[in-house]
Amino acid sequence: MIHTFIGEFGHFCVSLAFVSSILAAIAYFIGNYAKDDKIFWARFARANFAVHGLSVLGIIFALFWIIANHYYEYHYAWSHSSNTLPVEYMISCFWEGQEGSFLLWIFWHVVLATILTVRRGEWELPVMGVFMTVQAFLVSMILGVVIPILELKIGSTPFLLLRDAMPDTPIFITNPDFVPEDGNGLNALLQNYWMVIHPPTLFLGFAASLVPFAFVMAAMLNGKFKTWIKPTFTWTLFAAGILGLGIMMGAYWAYETLNFGGYWSWDPVENAVYIPWLILVGAAHLMTASQRNQGMIRPAALLAVLSFILILYSTFLTRSGILGNASVHSFTDLGLSGQLLIYMLFFASVSFYFLIRTWKDFPKSKSELQVYDATFWLFIGSIVLVLTALQVFLPTSIPVFNAIVENLGFESNLAPPADAVEFYGKWQIWFGIAIALLSATGQFFWWKKLSKENAWDAFKLPFILTAVFTTIIVSVAKIQDWRYVVLILASIYSLVSNSAVIRRIFKQGFKLSGGAIAHIGVALMLLGVLTSEGYDRIVSLNNTGLLYNREFSDEMNKENLLLFRNQPQRMQDFTLTYKGIRMQAVDFPEYIDKEKLRHTPVPHLKIAETDFIYKSEIRIEKGDTLQVFDENNYYEIEFKEPSGKTFTLFPRVQMNDQMGTVVSPDVRKFWNKDLYTHLTSIPDPDQEVTWTDIETHTLHIGDTFVVNDFIATLKDVLRGQPRADEDVMVFARIEVLDRTQSYIAEPVYQIKDNMVRGIPEFLEGLGIEFTLEGLDPTTGTFTVRTRSTQRDWVIMKAVEKPHINLLWIGTILVTFGFGLAAWRRYQEAQQKRTKLGN
């Protein structure tokens, strides 16, 4: 059955949202310039915005309903969801595709625009006019209509039926109403809790960057070149804080999910979001400086506009397909590249046209900037932020440059950096040093009037403390790279100086310290990056002198550890034991031993071969059918410390039909480091097993025999309960002793219709197969056949990342600092509004 109503409802809501956004934008702009009918047009615009907001909620409801109810007749649900997907990841399905992520962006615009509308005031009409114009362009991205005469496609709808998306598929030719029983499932890399919260946070940052842009456009439209700063400042701080937090959430997701061993790989899409954040932070600093020097308003307006345009540019890079395989984050091109380009060029051309036309109308500085003027240091800091962004922007844009050149009929030999981490790192370290130095120096000039005569008194103590702490750190850590020494010096100087500033202004009010707290966070982040990336240490070294495989690279053979099942192996101060493969089951809080589950024809359904107990309570009984996430295998590795304490890590390997084998790390956190582990090689499940020659043992109950260097004992032979169509079923209980534990094998001997056969039991952990091949009642002997293969194994890499927690603590402080500064500005605006009301 095809559920057409919910899709038609979704289509209707998209169309209504598009039309109402256009009507609202027109009405807001007319109302902005109207004199006699301003109230009418304002009400008409608000009514259309209300319709638009309700329509967007309707779109979201329809898409969630389709995904949650597994309506696989819809291409979006079939592409991104599946029957076995956990409920929490159903949410991630919503924004995995381009259409869903556009819808998330649209939703946040509605939320922010609602706040602006409720507050109203003199800026409502022009700001909302800009908002709704942007919204019309965004909604057009999910419109999914084709203009018949021009054959022009506008947008890509999430409510497209699968048969319409794949009309040439044979099954739809013979049966147009065919509905798949299951979907393709969520991208393996996105099945992580960070992907539930990272995209909404990031897109809230995207949406919030529109607010400063809209205020600048409104200021240029209405000729209010000074007063736009105050209502914009809070929003700019909020946008910078949220966007930065969203970026770092993505970094932490990469750290936990990807196996490249870090959190930032200078991927083009990562860069494309990092660039507008730097520009937005620069705009916030210039807005701060404008409180003392109105000449800073003009460059603040430029950066506010530029940050939004660069957000659109990052969207173009991600979704146009222009990056090809250069990024793991990029979407496939849905035919929207031309529309995205028009979207970006429209707002870029209009905004820069108004900036050029009104540039001379913005306030100018009444005097030249002086070195002892706080605004000088804020201005220099903003320039450094812009240059930092520019250094990343140019190499990241090489694919765009090549495309332009090729479209002009020429050839371009430019290529992105082969080693992006090394290329960007050697540049960005110096920008980081400059930012740390300026963030400390600028704070002193801002909070205290300094001159040539008293400057040394202000800086003397921070300089001395910086020198002492840096010397101690460099000596103890034995740091020899002079670039790292300079970075440590700059970061310590920023920590000391901003701490001193907080101490000085604390009595005036803690809310004043938002900037200093954010600067401390940046300094800690710089130190965290330095220690975790510059001084990470591979601890899984192969000290046996043997090659694992001649086809492996030297790095693979030297820097990885081979672990056989249940065979302890030394690694630095730890003793490691690989325990086997585990799986996740629905409604059971712990991992389950895969070997204690029996397969069924349905891959995600297994039968328990033993009771599974959690906190002294039997949660799953033997014989129960349970649902597992069959794509995911977790490899249990126990780490034993010299003190005897143990902990367990479960690095994951996901077998995905679309993406192949996907490896994810597991991380053990200590107060001063992380132990980052991931698997680099596992046995190929499709490779044919190589067995030893068969050995036959004639045994009495209680006899001991040797199999592949293990001691085995025939403990008992029991008659089992036969199935309906079986005459006799007998199984043997064979105990096999390993170094640390014992195993039980239960091969079966079956007699059916005067035919006999032995059903073998394979102990995967030992690589031994037992078959009960015969029994002799007269002598009381039993014939057991054995053969063996290589026991289960994994190859693992482990890396120590010292003091990486500094990075995450710094991220929290930066976000808190932006939030505190934004809250302070909001409260000041509220107090001023209250005074004016009285």
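Everything discussed here concerns the structure shown above.
All of the points below concern the structure found in this document. (Residues numbered from 1 in each chain as written. Predicted model: local features only at pLDDT ≥ 70, side-chain atom pairs only at ≥ 80, totals over all residues. Heavy atoms only, no water.)

1. Regarding the overall build of the protein chain
No. 1: On a plain count of helices and strands, the protein chain comes out with 22 helices and 29 strands.
No. 2: Along the first, second and third principal axes, the C-alpha set of the protein chain runs to 115 × 75 × 60 Å.
No. 3: When the 838 residues of the protein chain are sorted by exposure, 52% land in the buried category.
No. 4: Taking all contacts inside the protein chain whose residues are at least 6 apart in sequence as the whole, residues at least 24 apart take part in 67%.
No. 5: Averaging the positions of the 66 positive and the 76 negative side-chain charges in the protein chain gives two centres separated by 18 Å. (Helix = DSSP H or I, 4+ residues; strand = E, 2+ residues; numbered from the N terminus. Buried < 20%, exposed > 50% of the residue type's maximum accessible area, 1.4 Å probe, protein only. Contact = heavy atoms within 4.5 Å. Lys, Arg positive; Asp, Glu negative; His and termini not counted. Charge placed at Lys NZ, Arg CZ, Asp CG, Glu CD.)

2. Looking at the environment of E124
No. 1: If you trace the backbone, E124 turns up in helix α6 (residues 124–140).
No. 2: Taking the relative accessible area as the measure of exposure, E124 reaches 4% and is therefore buried.
No. 3: Note: C-alpha distance between E124 and A113 (11 residues apart in sequence) is 9.4 Å.
No. 4: Not counting residues up to four positions away in its chain, the partners in contact with E124 are Y28, R46 and T117.
No. 5: Side chain to side chain, E124 and R46 meet in a polar contact 2.8 Å long. (Polar contact = N/O pair within 3.5 Å; in protein donor to acceptor, adjacent residues only side chain to side chain.)

3. Points about a nonpolar patch on the surface
No. 1: Residues L461, I464, L465, V468, F469, I472, I473 and V476 make up a contiguous nonpolar surface patch of about 700 Å² in total accessible area.
No. 2: A residue is classified by how much of its surface remains accessible, and I464, at 46% relative accessible area, is partly exposed. (Patch = residues over 30% accessible without salt bridge, like charges linked within 9 Å, V, L, I, M, F, W, Y side chains within 5 Å. Areas by Shrake-Rupley, 256 points an atom, 1.4 Å probe, with all protein chains shown as cover. Salt bridge = Lys/Arg side-chain N within 4 Å of Asp/Glu carboxyl O.)

4. A few points about the packing of helix α5 (residues 98–119) against helix α13 (residues 297–319)
No. 1: With their axes 12 Å apart at the nearest point, α5 and α13 run at an angle of 165° to one another. One finds that α5 runs roughly antiparallel with respect to α13. Along this stretch, α5 crosses α13, giving a crossing that reads as right-handed. Across from Q98, S101, F102 and W105 in α5, the residues of α13 making contact are I311, L312, T315 and R319.
No. 2: Grouping the constituent residues of the contact of α5 with α13 by class yields four nonpolar, three polar and one charged. (Axes fitted to C-alpha atoms, helices over the stretch in contact; angles between N-to-C directions. Parallel < 35°, antiparallel > 145°, perpendicular 65-115°, else oblique. Left-handed = near helix turned anticlockwise from the far one by under 90°. Nonpolar A, V, L, I, M, F, W, Y, C, P; charged D, E, K, R; others polar.)

5. Notes on the pattern of salt bridges
Where charged atoms from two side chains of opposite charge come close, those side chains can pair.
No. 1: Taken as a whole and assessed by the stated rule, the structure comprises 25 salt bridges.
No. 2: Where E617 meets R619, a salt bridge forms, and the shortest distance between an N and an O atom there is 3.7 Å.
No. 3: Relative accessible area serves as the criterion here: at 43%, E617 is assigned to the partly exposed category.
No. 4: The exposure class of R619 is partly exposed, given its relative accessible area of 38%.

6. A word on the sheet that holds strand β8 (residues 597–599)
No. 1: Across the sheet, which stays open at both edges, the three strands sit in the order β8-β9-β12 with antiparallel pairing between neighbours. In this open sheet, the two strands that pair with only one neighbour each are β8 and β12 (625–627). Across the sheet, the mean angle separating the axes of adjacent strands is 45° when strand polarity is ignored.
No. 2: Pairing geometry for β8 and strand β9 (residues 605–608), over three bridges, is antiparallel. Within β9, the position partnered with R598 by the bridge is I607. (Pairing = 2+ DSSP bridges.)

7. Brief notes about the sheet that holds strand β27 (residues 768–776)
No. 1: Here four strands make up an open sheet; going across it, the order is β19-β28-β27-β26 and the pairing antiparallel. Only two strands of the sheet have a single neighbouring strand rather than two, namely β19 (695–699) and β26 (761–763). In this sheet, adjacent strand axes meet at a mean angle of 25° when their direction is disregarded.
No. 2: Of the strand pairs in this sheet, β26 and β27 are connected by three bridges, and their pairing is antiparallel. Bridging from a neighbouring strand, L763 pairs with I768 of β27.

8. Description of unusual backbone geometry
No. 1: Although it is not a glycine, D709 sits at a positive phi angle of roughly 70°.
No. 2: On the accessibility criterion, D709 (74% relative accessible area) is exposed.
No. 3: Even without being a glycine, H803 presents a positive backbone phi close to 55°.
No. 4: In this structure, H803 sits in the loop between β29 (793–802) and α22 (805–837).

9. A short note on the pairing of strand β20 (residues 704–707)
No. 1: Residues of β20 alternate between two faces, with F705 and V707 buried on one and T704 and V706 left unburied on the opposite face.
No. 2: Inspection of the sheet shows β20 paired to strand β21 (residues 710–719) by four bridges, in the antiparallel sense. By the bridge assignment for β21, F705 is matched with A712.
No. 3: Between β20 and β21, which pair antiparallel in sequence order, lie two residues; one of them, N708, sits at a positive phi of approximately 50°.

10. Side note on the environment of A68
No. 1: By the element assignment, A68 lies in helix α2 (residues 38–68).
No. 2: A relative accessible area of 48% places A68 in the partly exposed class.
No. 3: For the pair formed by A68 and S82, sequence separation is 14 residues and the distance between their alpha carbons is 9.7 Å.

11. Considerations on helix α17 (residues 420–447)
Structurally, the α-helix is built with 3.6 residues per turn, so residues lying three or four positions apart point the same way.
No. 1: Over its 28 residues, α17 extends 39 Å from the first C-alpha to the last, a length consistent with the 40 Å expected when each residue adds 1.5 Å.
No. 2: At K426, α17 is deflected by roughly 30°, the largest bend along its length. (Expected span 1.5 Å × (residues − 1). Bend = angle between axes of the 7 residues up to and from the residue.)

12. Observations regarding the packing of aromatic side chains
No. 1: In this structure the tally under the stated criterion is 63 aromatic pairs.
No. 2: Judged by centre distance (6.2 Å) and plane angle (90°), the ring pair of F308 and F347 falls under edge-to-face. Highlighted residues: F308 in helix α13 and F347 in helix α14 (residues 337–358), separated in sequence by 39 residues. Each member of the pair, F308 as well as F347, carries the same accessibility label: buried. (Phe/Tyr/Trp six-rings, centres within 6.5 Å; stacked < 30°, edge-to-face > 60°.)

13. Details of the nonpolar core
No. 1: Among the nonpolar cores identified, the biggest contains 199 residues, and W105, F131, F213, W228, L243 and W277 are the most heavily contacted of them.
No. 2: Among the elements that make up this core, the one with the highest residue count is helix α11 (residues 229–257) (16 residues).
No. 3: Ignoring anything within four residues of it in the chain, the contact list for F131 reads H109, L112, A113, L116, L210, V211 and A214. (Core = buried A, V, L, I, M, F, W, Y, C linked by side-chain atoms within 4.5 Å.)

14. Some words on the side chain of S81
No. 1: In this structure, S81 sits in the loop between α3 (75–80) and α4 (87–96).
No. 2: Dropping the residues within four chain positions of it, S81 is found in contact with I67, H70, Y72, M90, C93, G183, N184 and G185.

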